[in-house]
Structures are given as C-alpha cells and as structure tokens.
2 protein chains.
Amino acid sequence: MHPLDEAIDLKASAPHEFMGATHPAYANMIGPFGGTTSAQLLQSAMLHPERLGEPVALTVNFAAPVADGEIRFVARPVRTNRSTQHWIIEAHQAEGVVATATAVFAVRRETWSNVEAVMPANVPAPEAVPRMPVKGMPAWPQRYDMRFVEGAFPAAFDEQEQAHSRSTLWMRDEPERSLDFASLAALSDSFFPRIYIRRRRRALIGTVSLTTYFHADSALLAQVGTRHVLGVAKALNYRHGYFDQSGQLWSPEGQLLASTHQLVYFKD
Amino acid sequence: MHPLDEAIDLKASAPHEFMGATHPAYANMIGPFGGTTSAQLLQSAMLHPERLGEPVALTVNFAAPVADGEIRFVARPVRTNRSTQHWIIEAHQAEGVVATATAVFAVRRETWSNVEAVMPANVPAPEAVPRMPVKGMPAWPQRYDMRFVEGAFPAAFDEQEQAHSRSTLWMRDEPERSLDFASLAALSDSFFPRIYIRRRRRALIGTVSLTTYFHADSALLAQVGTRHVLGVAKALNYRHGYFDQSGQLWSPEGQLLASTHQLVYFKD
C-alpha cells in the first residue's frame, strides 16, 4: 500500500466522524507535513456517505501544531444543493482543534473551457532534469520526486537575496502513485516557503491558510496517471510577519489541474 | 451614516450570534452583492468580545442564494493562540446555511517586508480616468466609484472574444469612506466576473468561494483613507462550469493591501 493511501485510510467512527493518524512517512521536522493533513481533511469529506460530486475548492486553516498520533476528523455537509455541496471540516486532537477546512464539491458539466494562465514554455522534460537530493531532509520531501528547472531549495543559506522567489519544477509522488484529489491536495502544499528561495536565509515559518481550486476532474487526473506534473510558485507580498504565495499545477499536456494560494507566518 | 456602515451594523443577539440584514443600497440583480455579505461575515468576528488582533485571511463560501432580509451570523473562535486566532463563521437564514467563512486573525510584528508582485506601471491618476457609468446598473455598483484603465465591463455583449480578461481600475466606495477591513473585504469581491470581460457574452455566474489575504494592517488602511485603490484582476482557468480569478488591491503608494482569489460557477 502506498504511504499516502495509508495516511488517508480514515475509519468512520461516528456520524460525520473519521479517525486517522499522522504517518511517519510524511513527518516534517516537527509534526506532519501540512499537505498530508490537507489530504486527510479532504478525504474525510470524500469518504462521507452523503458526499455529492467531486471537490472544486478546498481551504485549510492550520490552527495549531499537529502532534504525532491520532487525529479525529469531523466533516459536516452544511448545505447540499442540486449540483453543489458545502462542507465544514475540523481536525481535533486531545488538546483541541488543530485545523479547520471548508470545501466545495460539485457535479460538473461540460462547458466552454479555456486556459488563460500561461504555462512556462521551453521547460525540459522531467527525464532531462536531475531529481532534488533528499538525503538529510525530513521524511516528507523524500515522498516526492522534485526536479527543479528554476528556483530550487537553496543548497546553502548564504543570505544572498534573490530578485524573485519563483520556482518551476516537475513533481510527483515517490514512490509513483496515480494522481487523485488527495495527492493533488497534498502536492498543492509541497512548494517550499518562498521566503527561503527569496532570501536564502533561515526563518521560522508556518502556513496559516491554504486554498486550492481543483480545475481537474477525476477523468483528467486519471489521464495524468503517475507522470510528473509541472509546478510553478511565486510569492506576492511579505509584510509584518506574513507572506502569501500562489502556485499552479500543470499536466504535461498543458491543462491547469489546480491553482493554489497560501498565507504563511514568518519570523525573521 | 454610510450605507456600508449600516450594512455591517450587526447586533449581538446571543453568545457567538449577531443579527444583520441585507441592505437595499448593496442589492444585486437578485439578492445582495456578495462583497457586502463577506464584509458582514468578517464583521461578526470583528465585533466578537473574544476577538484577538486583526484579520490576515478570510475565506467565504457562498452556499446558497441569500434572500433579502434578516441574516443570523454565528461566529466561533475555534482556536486562540498567543498571536493568532482561528474562526468558523456561518450565515443562516430561515431555510438554512447560506454562507460559511473561515478567518485567521493575528497580532502582527514588524519584520523584513517586500512587495514581490508588480504593480502596473504608468497608470494615469484617478482624476484622469472617467468613472464607469452606473446608470441602469443594480444598486451595488452604484456604491463604488470605478475608473477602468483597462478591461472595463463591456458596453455591449457583442460576443467578440478577447485575448485575456485582465482589468486594471481605480476603485473606492461611493460615497467616499475611509478604508477599513470591512470595505477591503467587500472591494475584494467587486471585480466583475472575468468571463464577461473575456467573452463579452452573457452567462449565468455565481461565486462559490472567495479568499482574501490582508497584507495591510489598520494603520496602513488609515493612510489610504478615502483615496482610490488600484485593482487588478485576471482569470486563470475556465473548465467544466467553473473558473478562477485572482486580484490585487494596491495603495496609491504601491503597497499591496490585499490579494484575493475566487472560484466562480458559470453556465454558458
């Protein structure tokens, strides 16, 4: 079983409640990788017997450090319409709420479609780009195959401030796993904090809010399969302890699978 | 009293509960302007006796059409830390939940700060740009002074598809009102749906999820005062009934006051 499937293998424990746990394969320096927590929050709605359609929007607020161990997810469909469904989801541990989420699910129809954002051009194929070395890193980056075309995680914190924080990289689960909503939600949180790329300087950081819009439906995700997706991320503004960054996840064929935004606390 | 102040004049009615109502000055074609509903949801946390600090992130999910009349807001601080506070907020009407929100509030500290996003250059001053005519429009656009430099709301739906959906405009409340978090939250939802700019074609639309990151604190908002702010918005991707758009709100001096993102349902 793939470690991500183990991590999102939640067990129904009461109406609207699901039990899960942090997974050592996705450990961060302290506590779990937030992307895995996001995937678990989403999965609690995916597994709910009243679920309608597929996710189109997910916002996760990281309220407190998640401790290693059990997590109780409470997923409530607060409004179900003909083709949309609205969720409030909470993650509880012994000492209280550690994360909240809202999600919108929908039954989609075919319409006029168009990609207005611009995928980076002239990007070499994944096979032509070396994988980021993960030796010495926490567990979670070892669960990803990341191949940086631009804006790699700095090899040294040499305090050489860069002109921008943009990264472009090929990314997939490691070991390989077919893309689905859970892995796309997790990948959306896998962009390293932009302040590290920009300042090449240590900082205490923590994502406080993460929003992902899923443009792909399950059929498009299945087409991507186990191949790499192209990730692009950049910061917008750093001010008084918080910065925001925006990212896009592209299929190899140039479909925008997801756009994702987050607000990050930092202490310099 | 300014109509926005009337609209956000909520009355505490029970622990965590506040009563408000839609305001005719912010009516849309059917029901209220979503930006006003966002401002009310935020205001219920602002008015809460346990509130800590100022908003840094707000996500509003529009779950169902809001009917003209009373709205009951339930604002719960689900986690209060030393310098951050996490909220779940619901808007109820007779027939159920019509909107949900999550918010993050924080006490900020001064840090290294930097604007990495690029403010449009060579934009003429607001006085040099004509105000958008609002005659015949619903009430809410009449409550804004919008001066389009680029990407105006189409004068006619001539079905001439445009190369992109970008808009650049000066905007402020009408009548004038000093900028605060409520008005910034409302302004963040005032960008017309990008599909109208892009396709110049009628479509049924409705925002399902709106996220705003507040980079400004109250001191910076006070510096802007009643002056225009520069808004920029563009779409990223339209697919199978949903598209997303991102916007920025800039102070005249080039501070990024807020970045905002939304996912919009459309039927063509």
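Since the model is a prediction, treat every value here as computed from it, not as a measurement. (Residues numbered from 1 in each chain as written. Chains lettered and ligands numbered in written order. Predicted model: local features only at pLDDT ≥ 70, side-chain atom pairs only at ≥ 80, totals over all residues. Heavy atoms only, no water.)

1. Details of the UniProt feature "domain: Acyl-CoA thioesterase-like N-terminal HotDog" (unreviewed entry) in chain A
- According to UniProt, the positions carrying the feature "domain: Acyl-CoA thioesterase-like N-terminal HotDog" (unreviewed entry) are residues 24-106 of chain A.
- The distance separating the terminal C-alpha atoms of residues 24-106 of chain A is 33 Å; by composition the span is 16% helix and 49% strand. (UniProt positions renumbered as here; feature names shortened; annotations may be inferred. Helix = DSSP H or I, 4+ residues; strand = E, 2+ residues; numbered from the N terminus.)

2. Overview of the pattern of salt bridges
All names here are of chain A.
- A full pass over the atoms with the stated rule returns 34 salt bridges over all chains.
- Taking the shortest distance from any N to any O, the salt bridge between R227 and E253 comes out at 2.7 Å. Placement of R227 in the loop between α6 (218-224) and β11 (229-239) and of E253 in the loop between β12 (242-250) and β13 (256-267) is noted, with a sequence separation of 26 residues between them.
- Each member of the salt-bridge network shares a partner with another, and the members are D145, R147, R172 and E174. (Salt bridge = Lys/Arg side-chain N within 4 Å of Asp/Glu carboxyl O.)

3. Some details on the environment of H92 of chain A
All names here are of chain A.
- Along the chain, H92 falls in strand β5 (residues 84-93).
- By relative accessible area, H92 is classed as buried at 17%.
- Sequence separation between H92 and V74 is 18 residues, and the spatial gap between their C-alpha atoms is 7.9 Å.
- Not counting the four nearest positions on each side in its chain, H92 is found in contact with I71, R72, V74 and V97.
- A polar atom in the side chain of H92 sits 2.8 Å from the side chain of E90. (Buried < 20%, exposed > 50% of the residue type's maximum accessible area, 1.4 Å probe, protein only. Contact = heavy atoms within 4.5 Å. Polar contact = N/O pair within 3.5 Å; in protein donor to acceptor, adjacent residues only side chain to side chain.)

4. What to know about the relation of the copies chain B and chain A
- For the pair chain B and chain A, the relating rotation is 180°, the translation along its axis is 0.0 Å, and the fit reaches an RMSD of 0.0 Å. With respect to symmetry, the two chain copies, as superposed, fit the operation of a two-fold axis.
- Take the interface residues of chain B: 100% of them recur as interface residues in chain A, which is what a same-surface contact looks like. (Least-squares fit on C-alpha atoms with pLDDT ≥ 70 in both.)

5. Let's talk about the interface of chain B and chain A
- Of the residues lining the interface, 69 residues belong to chain B; the matching set on chain A comes to 69 residues.
- Both faces considered, chain B and chain A share a buried interface measuring about 6,100 Å² in area, 50% of it formed by carbon and sulfur atoms.
- Between the two partners, chain B and chain A, sit eight salt bridges.
- Across the pair R239 of chain B and D217 of chain A runs a salt bridge, and its minimum N-O distance is 3.6 Å.
- Along the contact surface separating chain B from chain A lie 54 residue pairs in polar contact (both at pLDDT 80 or more).
- Per element, the largest residue contribution to the side of chain B that touches chain A is eight residues, and it comes from strand β13 (residues 256-267) of chain B.
- Considered class by class, the residues forming the side of chain B that touches chain A number 27 nonpolar, 25 polar and 17 charged.
- With two bridges connecting them, β11 of chain A and strand β7 (residues 114-115) of chain B associate as antiparallel partners. From the neighbouring strand, Y238 of chain A faces β7 of chain B, where its bridge partner is N114 of chain B. (Buried area = accessible area lost by both parts, 1.4 Å probe. Nonpolar A, V, L, I, M, F, W, Y, C, P; charged D, E, K, R; others polar. Pairing = 2+ DSSP bridges.)

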